[in-house]
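A closer look at the structure
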Amino acid sequence: MSPTELDFDSCYRAVSARDARFDGRFYTAVTTTRIYCRPICPARTPASRNVRFYRHAASAEAAGFRPCKRCRPELSPGDPGWDLRGDLVGRALRLIDDGAADEDGVAGLARRLHITERHLHRLFVAELGAGPLAVARTKRLLLAKQLLTETALPVTDVAFAAGFGSVRQFNATMRETYGFTPSELRATAGGPASRAVAGPAREVTGGDGSTAGEPVLTAAPATLRLRLHAREPYDVEGVFGFLASRAIPGLEVADATSYSRAVPGGTITLTPQRGHLALDVSVDDTRQLARIVARCRRLLDLDADPAAIAEALAQTSLAPLVAARPGLRVPGTFDGFELAVRAVVGQQISVAGARTLLGRMVARAGRPTTAEGHLFPTPAELLAADLAGLGLTNRRIDTLKELAVRVDGGLIDLDGAQEPAEAVKELLSIPGIGPWTASYIALRALRDPDAWPTGDLVLDRRMAALDIPKEHLERWRPWRAYAALHLWSHS
């Protein structure tokens, strides 16, 4: 099934079988109920004559359907087809997930992609059946629906956390699209929201100057817990072990069962649970929640399709490794610039040595947090910092400074806006960044599933030990990044 075409018979068979492999790939809309569902919905399979299929939730909502309360489309893993695509629509979808449209509007989103707003709209309608504004609105609504169902966050705070400009806009949009108000949904959720202990009432003004129209009950600030879903199997041990071995002191704390880090205004913690991963967020500004969720999904590679990857690599010389590590993922990064700095610092030294140097850098250049730690420095902060005396060579410092200049100036975008090949080309033009560093950044920050760390000594030794010739690299396309992780994790 291609990212732009849906075959009715194939989709209907998947829905009839409740095939979890198709969860997030398309949505089923029922004309008699005006509800759209995930392929795994436990409700009785509707008659084929009453069914329509849509590639994206926004397409179903644009056609007048509202989300099912039983299967909860907001919990679907992302479509792996869009997650892997480096074209304009794929990059635009990742930026929308990251909150770019909420912050700068569709016009700002188009500018970041260096195209016109009209051309972006035309591409979205052709590929998805809905424009970027509709897609961004659906993302806001589905996040709001999850917050109303799973947390005790006050309705006012839910509105701003989901990206709405005002509570009035939030109420009107949800009623218009879903047929019920936020309060009505929360009253029927039966989750932690219904058991919340409210604090004093206050009237809140929206981002556009409007008010909610009535006092809003506000609970005391607390950590929010959200569920993040992935396609099974999911290699928890491999992902969390990888992150733990590379955790930067003062920024991250990680082990085989949890990962925590400082983020602007607070902290996040990820822990594996039965059937999902739990995201605990404690921040002073919930408006960054959508970005946090999107970046955590990329960090943990939650939108990958493990069945398709395993099927392809199991037909090659990697078959024993694939069988030994089902559900393997390629750990991503919470921030693209941070990953690029990690890659540069980690050149030709051990993982433990890189952690030590990065910890010193974070302590010197990063902003302090309330938890006696530091944030990772932004490009501007790294440029302003004196990196002498940390153990870095002068050449390495020059490379880091030039990388910061180009990211800060917009010549390199490592968070989704730039076509991966263009970003790699620009990285390679920086003195001190070679093919290994650029391909490692592509593998983890740019989410290129076919990236291969050229010249990696560990990979070369593992391939030699397993008697795998270099010619087999071509057989592993387009999943060479996953092949690299299989080899790195093999002992």
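Residues numbered from 1 in each chain as written. Predicted model: local features only at pLDDT ≥ 70, side-chain atom pairs only at ≥ 80, totals over all residues. Heavy atoms only, no water.

**Comments concerning the pattern of salt bridges**
How we decide: Basic side-chain nitrogens of Lys or Arg form a salt bridge, by our definition, when they fall within 4 Å of a carboxyl oxygen of Asp or Glu. Only DSSP runs of H or I reaching four residues or more are called helices, and only runs of E reaching two or more are called strands; each is numbered from the N terminus. Buried means the residue's accessible area, taken with a 1.4 Å probe over protein chains only, is under 20% of the maximum for its type, while exposed means over 50%, and partly exposed covers the values in between.
According to the stated counting rule, one finds 33 salt bridges in the structure shown. Here Glu 74 ties to Lys 145 by a salt bridge, and the two come within 3.2 Å at their closest N and O atoms. Of this pair, Glu 74 sits in the loop between β4 (66–67) and α3 (80–84) while Lys 145 sits in helix α7 (residues 132–150), placing them 71 residues apart in sequence. One exposure class covers both Glu 74 and Lys 145, and it is buried. When the shortest N-O distance is used, the salt bridge between Asp 98 and Arg 298 registers 3.3 Å. Of this pair, Asp 98 sits in the loop between α4 (88–97) and α5 (100–113) while Arg 298 sits in helix α12 (residues 289–299), and the two are 200 residues apart along the sequence. The network of salt bridges with common partners includes Asp 98, Glu 103, Arg 291, Arg 295, Arg 298, Asp 335 and Asp 415.

**So, the nonpolar core**
Spelled out, the test is: Buried Ala, Val, Leu, Ile, Met, Phe, Trp, Tyr and Cys residues that are joined via side-chain atoms within 4.5 Å together make up what is termed a nonpolar core. Whether two residues are in contact is decided by their heavy atoms: any pair within 4.5 Å suffices.
The biggest cluster of nonpolar side chains holds 64 residues, and the ones touching the most others in it are Val 341 and Trp 476. With residues near it in sequence (within four places) discarded, Trp 476 still touches Leu 313, Thr 316, Ser 317, Leu 318, Asp 450, Trp 452, Met 463, Ile 468, Ala 483 and Leu 487. Ranked by size, the runner-up nonpolar core spans 52 residues in total, among them Leu 148, Val 155, Leu 270 and Ala 290.

**Re the environment of Leu 270**
As for its placement among the helices and strands, Leu 270 is situated in strand β10 (residues 266–273). We classify Leu 270 as buried; its relative accessible area is 0%. C-alpha of Leu 270 to C-alpha of Ser 245: the two residues are 25 residues apart in sequence and 16 Å apart in space. Those residues in contact with Leu 270, other than ones at most four positions away along the chain, are Leu 228, Phe 240, Thr 257, Ser 258, Tyr 259, Ala 278, Leu 279, Cys 296, Leu 299 and Leu 300.

**So, the layout of surface pockets**
What counts, and what does not: A cavity, in this analysis, means grid points on a 1 Å lattice covering only the protein atoms where a 1.4 Å probe fits yet has no way out; a pocket is instead an open set bounded by protein on both sides within 12 Å along at least five of seven lines, and a residue lines either one if it has an atom within 4 Å of a point. Grid points are joined across faces, edges and corners, and a volume is the space filled by probe spheres set on the points. Amino acids are sorted into nonpolar (Ala, Val, Leu, Ile, Met, Phe, Trp, Tyr, Cys and Pro), charged (Asp, Glu, Lys and Arg) and polar (every other residue, Gly among them).
One number sums up the size of the largest pocket: a volume of about 1000 Å³. Ranked by residues supplied to the lining of the largest pocket, first place goes to helix α11 (residues 236–245) with six residues. Split by residue class, the lining of the largest pocket holds 18 nonpolar, 13 polar and 13 charged. Approximately 900 Å³ is the volume attributed to the second largest pocket. Each residue belonging to the lining of the second largest pocket can be placed in one class, and the counts come to 18 nonpolar, six polar and 14 charged.

**What about the packing of aromatic side chains?**
Aromatic rings in a pair are described by how distant their centres are and how their planes are angled relative to each other. Filter applied, for reference: Pairing of aromatic side chains requires ring centres within 6.5 Å, counting the rings of Phe and Tyr and the six-membered ring of Trp. Pairs whose planes differ by under 30 degrees are stacked, by over 60 edge-to-face, and all others tilted. A ring is considered to have a charge above it if a Lys NZ or an Arg CZ atom is located within 6 Å of its centre and within 35 degrees of its normal.
For the structure shown, the criterion picks out 12 aromatic pairs. Centroid distance Trp 436 to Tyr 440: 5.1 Å. Interplanar angle 10°. Geometry classified as stacked. Placement of both Trp 436 and Tyr 440 in helix α20 (residues 435–444) is noted, with a separation of four residues, approximately one turn of the helix. With a relative accessible area of 22%, Trp 436 lands in the partly exposed category. Since its relative accessible area comes to 8%, Tyr 440 is described here as buried. Ring-pair connections join several aromatic residues into one group, and the members of that group are Phe 8, Tyr 12, Phe 22, Phe 26 and Phe 53. Arg 140 extends its terminal NZ or CZ atom over the ring of Phe 164, reaching a point 5.5 Å from the ring centre.

**Focus on the sheet that holds strand β2 (residues 35–37)**
Threshold: Between any two strands, at least two bridges found by DSSP are needed for them to pair.
One open sheet holds the four strands; their spatial order is β3-β1-β2-β4, and the pairing between them is mixed. The two strands at the open ends of the sheet, each matched to only one other strand, are β3 (51–54) and β4. Relative to β3, strand β1 (residues 27–30) runs antiparallel, the two sharing four bridges. When the bridges of β3 are listed, Val 30 appears paired with Val 51.

**Examining the sheet that holds strand β8 (residues 252–255)**
Heads up, the condition is: Orientation is described by lines fitted to C-alpha atoms, with helices fitted over the stretch in contact, and by angles between N-to-C directions that extend from 0 to 180 degrees.
Taken in spatial order, the five strands make up an open sheet running β7-β11-β10-β9-β8, and their pairing is antiparallel. Among the strands making up the open sheet, the edge pair consists of β7 (224–228) and β8. For this sheet the average axis-to-axis angle between neighbouring strands, irrespective of direction, equals 15°. Where β8 and strand β9 (residues 258–263) come together, four bridges link them in antiparallel fashion. Note on β9: the bridge partner recorded for Val 253 is Ser 260. Packing of α11 onto the sheet brings it into contact with β8, β9, β10 and β11 (276–283), and relative to β8 it is tilted by some 140°.

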